[in-house]
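Breakdown of the fold
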Amino acid sequence: MEGIEYLKQILEFNEPSWVKEFRSKSFEAFENLYPENSNIFKHQTFFNNFKLNINYNNIIDNPRKNIEADSIVILNDIIYYPKDMDTNKIEILNWSDVIKKYENEIKEMLEDEDNLNDKFLALNNAMFNSAILIRVPKNTELKIPVQIINIDNSDNFRKLFIIVDRNSKLKVYKENLSLSQNEIILSEAIEVFLMENSQLEFTDLQNLHNNAQYFVTKRVVSGKDSKALWNTGMLGGGKVRSRAFNTLSGDGSSVDYTEIIFGAGSQKFDSYSSLDH
C-alpha cells in the first residue's frame, strides 16, 4: 500500500495526540526532504528514486518459542529472561508500556529538531510499528548480555531506546535476519543515552537478503566519564544506508566506533559516522 494509507492505519493506534501529530509532521518532512541535504552526499546517493510502497505482513513462526538461554533475549519484540534472573537489574519495555511510564522523556527525545532534518529518519519517525526501551538502573553491572534478534519477511520500522544510568554497564548483541527473498524495506532508529561513568558495548550484525533496503540511524549521547563501544558488521542488503552520530557531552567520555562491510555483486552501501564533542 502507499505510504499515506499505511500512515492512516498507524494513526488509528491508541497513542497520545502528540505522538499522532509527531507522526504526521514527520511524514510531511519525509515527503518534502531530498534524500540527502549535504552537498557531500546529494550527488552520490543511490536513493534518489526511492519508492515507498509498504507491505506489512510480518507473521513468522517463532523458531525459539521455548527459549532457555544464559542471556536476555528479545526475539521479534518478545522478551525472554533467563530462569531465576533478578529482573530488577534491568527494565525492558515495549512501546505501549514505554509511553505509559516515560511519556515526558520520550516526548523530549522524539521532538528533537534533528529528527526532522533527515528524510529517512523522518520516515522511521512517521511509520515505526515497534519500539523497545532498555534501561539499566544506576550502580548496576549486568553480568549477562541482552541479545536482540529481528527476523523479518516484510517491511518494518523499528525504534530502540537504551538508557544506561550512572555507574552501570550493559552489553547488547543485535542481529537482523530475513527469511524470504521478498523485496522489503527495513528501518531502524537507535537512541543511546549514557549517564555518568556508565559503559555500553553494542555489537550489531546485519545479515539481510539482497532484496532488502536497509536504513539505520544510530545516535549516542555520552555523559561524563562514560564509554561506548560500537562494533558493526554489515553483510547483507541490496541497498544500505547507515548513519551514526556520536556526541561526547561530558568530560572524560569516549566512543569507539568500528564498522566492517562485506559487499559483493550489486550490493550498495552508504555509510557515514561522526563524532562531536
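Provided above is the structure to which this section pertains.
Read on for a plain summary of the structure. (Residues numbered from 1 in each chain as written. Predicted model: local features only at pLDDT ≥ 70, side-chain atom pairs only at ≥ 80, totals over all residues. Heavy atoms only, no water.)

**Some remarks on the overall build of the chain**
If you tally the helices and strands in the chain, you get 5 helices and 14 strands. For the chain, the C-alpha radius of gyration of 18 Å lies close to 19 Å, the compact-globule estimate for 277 residues. Judged by the C-alpha coordinates and their principal axes, the chain covers about 50 × 45 × 45 Å. A burial count over the chain gives 50% of its 277 residues as buried. Partitioning the contacts of the chain with sequence separation of at least 6, the portion at a separation of at least 24 is 83%. For the chain, the computed accessible surface area is about 13800 Å², with 45% contributed by carbon and sulfur atoms. The chain carries 31 positive and 41 negative side-chain charges, and their two centres are separated by 1 Å. (Helix = DSSP H or I, 4+ residues; strand = E, 2+ residues; numbered from the N terminus. Rg over C-alpha atoms; globule rule 2.2 N^0.38 Å. Buried < 20%, exposed > 50% of the residue type's maximum accessible area, 1.4 Å probe, protein only. Contact = heavy atoms within 4.5 Å. Areas by Shrake-Rupley, 256 points an atom, 1.4 Å probe, with all protein chains shown as cover. Lys, Arg positive; Asp, Glu negative; His and termini not counted. Charge placed at Lys NZ, Arg CZ, Asp CG, Glu CD.)

**Some remarks on the sheet that holds strand 10 (residues 212–222)**
Through backbone hydrogen bonds, the strands of a sheet pair up, either in parallel or in antiparallel fashion. Within the open sheet, the 7 strands sit side by side as 3-4-6-8-10-12-14. Their pairing is mixed. Edge strands, defined here as strands with exactly one partner in the open sheet, are strand 3 (91–94) and strand 14 (268–276). On average, adjacent strands in this sheet sit at an angle of 10° to one another, irrespective of strand direction. In this fold helix 4 (residues 103–110) packs onto strand 4 (130–136), strand 6 (156–164) and strand 8 (184–194), with an angle of close to 115° to the strand it touches most, strand 6. (Pairing = 2+ DSSP bridges. Axes fitted to C-alpha atoms, helices over the stretch in contact; angles between N-to-C directions.)

**Brief notes about unusual backbone geometry**
The backbone of Asp-77 sits at a positive phi, close to 75°, despite the residue not being glycine. Tracing the sequence through the fold places Asp-77 in the loop between strand 1 (72–75) and strand 2 (78–80). For Asp-77, a relative accessible area of 30% puts it in the partly exposed group. Positioned with a positive phi, Asp-84 is a non-glycine residue whose angle comes to about 70°. On the secondary structure map, Asp-84 appears in the loop between strand 2 and strand 3.

**A word on the environment of Ile-163**
By secondary structure assignment, the location of Ile-163 is in strand 6. In sequence terms Ile-163 and Glu-21 are 142 residues apart; their C-alpha atoms lie 25 Å from each other. Dropping the residues within four chain positions of it, Ile-163 is found in contact with Met-109, Leu-133, Ile-134, Arg-135, Val-136, Phe-193 and Met-195.

**Some points on the layout of surface pockets**
The space that makes up the largest pocket amounts to roughly 580 Å³. Lining the largest pocket we find 27 residues, and of these Asp-114, Leu-121, Thr-217, Arg-219 and Phe-245 sit closest to its centre. Secondary-structure elements contributing two or more residues to the lining of the largest pocket are helix 4, helix 5 (119–127), strand 8, strand 10, strand 12 (239–248) and strand 14. Within the lining of the largest pocket, the residues separate by chemical class into 10 nonpolar, 6 polar and 11 charged. (1 Å grid on protein atoms, 1.4 Å probe; cavity = no way out; pocket = protein on both sides within 12 Å on 5 of 7 lines; lining within 4 Å. Points joined across faces, edges and corners; volume = space filled by probe spheres on them. Nonpolar A, V, L, I, M, F, W, Y, C, P; charged D, E, K, R; others polar.)

**Comments concerning empty space enclosed by the protein**
Evaluation of the coordinates by the stated rule reveals 3 cavities of 30 Å³ or more. When its volume is computed, the largest cavity comes out at roughly 110 Å³. Contributing to the lining of the largest cavity are 13 residues, with Ile-148, Asn-150, Arg-158, Lys-159 and Leu-160 lying nearest its centre. Tallied by class, the residues present in the lining of the largest cavity amount to 6 nonpolar, 2 polar and 5 charged.

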